[in-house]
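A structural walkthrough
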Amino acid sequence: MLVITSAEDVTANLVIEVLNDRQVQVVRVDPADIGAGLTFSASIGDDRDRGEWAGRLRTPSRDIALEVGAVYYRRPTSYSARFAHLPAVGQQFAIAEAQHGLGGILNNLSGAVYVNHPAAINRADYKPAQLQTAAQLGLAIPRTLVTNDVEQVRKFAAEHGPIIYKSFRGVPPGPDGRVAAIWTRRIDPEELDESVSVTAHLFQQEVPKTADARVTVIGRRVFAQRITSPGGALDWRSGDWEKLVHEPVEVPEPIRIALRAYLDAFGLVFGCFDFALSAADEQPETWTFIECNPNGQWAWLPDADAMAHAFADVILEGWWS
């Protein structure tokens with residue numbers, strides 16, 4: 001089994017530990033190590049290869065054939081870090097070649113089970129697609145406006161205020177490698193100006209809530225925690241994570257069904273769903289879909305150990321079925 005991720009990925013470590021306990025041969029690879037830390041070769045076109053890539057991956061500690069039963073795709077390091085020493089044009093060329101060459105091989109291993117396939121992750125990573133799919137499956141979503149027109153924002157606020165702003169992808173890492181965050185925040189539309197026209201923005205009607213829910217679906221299994229932050233923060237991620245209150249919460253059956261259908265629609269095996277809860281009870285109408293991270297973090301949650309076993313189960317069931 002191949003695990004594609006960075007060396008610092010704590011979340012992947014939990015799954016690898018479970019697979020090791022089950023005596024599964026696991027090889028961890030970070031494609032950004034291409035060079036002395038990772039060499040590979042792959043060929044196709046021989047009458048004996050049956051239209052499948054044949055070859056090997058080599059790291060300082062491993063040498064494996066490309067006959068892989070399963071791929072756990074997590075969070076590999078960006079190729080840009082590997083080629084940062086090159087001039088701008090050379091860097092862009094090397095990144096594209098690595099993505100299409102090595103990435104093209106690793107993303108198309110015949111017969112391998114992918115959790116999740118990077119193409120499915122990419123397709124499901126667009127918030128407009130997420131909201132549209134959720135709504136089509138009957139989940140409640142906030143009224144949403146995607147625009148670069150400041151007058152449309154003001155009109156939207158007048159009809160549906162108060163409104164909030166959230167970024168689509170967040171801030172990329174700076175030169176020092178640190179990543180800043182843009183938290184969801186309330187917006188006074190009168191403070192906006194024509195700079196809104198520079199790029200796309202996402203505005204939503206604020207959802208009155210009593211708590212948030214993080215629902216992690218792994219295969220057919222559903223893990224859910226109600227998250228309450230001190231002071232009722234608009235975005236629970238912006239505060240002190242040590243002070244967050246986690247409580248198991250029962251997900252209404254209609255929502256469970258919709259979430260499984262959501263994953264199927266994008267070709268995903270798992271996803272981390274965020275909901276706003278507008279009441280203490282657990283009726284479907286009190287749950288508002290916010291977003292789904294198709295490659296989300298979950299190691300910080302209280303039931304992380306059970307999730308790691310669920311990942312191992314779904315990987316091995318797919319591999320050996």
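Our subject in this report is the structure included herewith. (Residues numbered from 1 in each chain as written. Predicted model: local features only at pLDDT ≥ 70, side-chain atom pairs only at ≥ 80, totals over all residues. Heavy atoms only, no water.)

Before going further, it helps to examine the pairing of strand 11 (residues 201-205). Burial analysis of strand 11 places four of its five residues in the buried class, which makes it a mostly covered element. Bridge analysis of strand 8 (residues 144-147) against strand 11 gives four bridges, and the strand direction is antiparallel. If you follow Thr 144 over to strand 11, its bridge partner there is Gln 204. (Buried < 20%, exposed > 50% of the residue type's maximum accessible area, 1.4 Å probe, protein only. Helix = DSSP H or I, 4+ residues; strand = E, 2+ residues; numbered from the N terminus. Pairing = 2+ DSSP bridges.)

Turning to helix 3 (residues 88-106), a few remarks are in order. Taking 1.5 Å per residue as the helical rise, helix 3 with its 19 residues ought to reach 27 Å, and the 26 Å between its terminal C-alpha atoms agrees with that figure. Every buried residue of helix 3 is accounted for by Ala 94, Ile 95, Ala 98, Leu 102, Gly 103, Ile 105 and Leu 106. Buried residues in helix 3 make contact with strand 1 (2-4), strand 3 (39-43), strand 4 (54-58), helix 2 (79-82) and strand 7 (113-115). (Expected span 1.5 Å × (residues − 1). Contact = heavy atoms within 4.5 Å.)

As a further point, take the packing of helix 5 (residues 127-136) against helix 7 (residues 253-266). One way to put it is that helix 5 packs onto helix 7 with a least axis distance of 10 Å and a crossing angle of 130°. On the basis of their axis angle, the class for helix 5 and helix 7 is oblique. As for the relative orientation of helix 5 and helix 7, their crossing is right-handed in sense. Contact residues: helix 5 offers Ala 129, Gln 130, Thr 133 and Ala 134, while helix 7 offers Tyr 262, Ala 265 and Phe 266. The class makeup of the residues in the contact of helix 5 with helix 7 is five nonpolar, two polar and no charged. (Axes fitted to C-alpha atoms, helices over the stretch in contact; angles between N-to-C directions. Parallel < 35°, antiparallel > 145°, perpendicular 65-115°, else oblique. Left-handed = near helix turned anticlockwise from the far one by under 90°. Nonpolar A, V, L, I, M, F, W, Y, C, P; charged D, E, K, R; others polar.)

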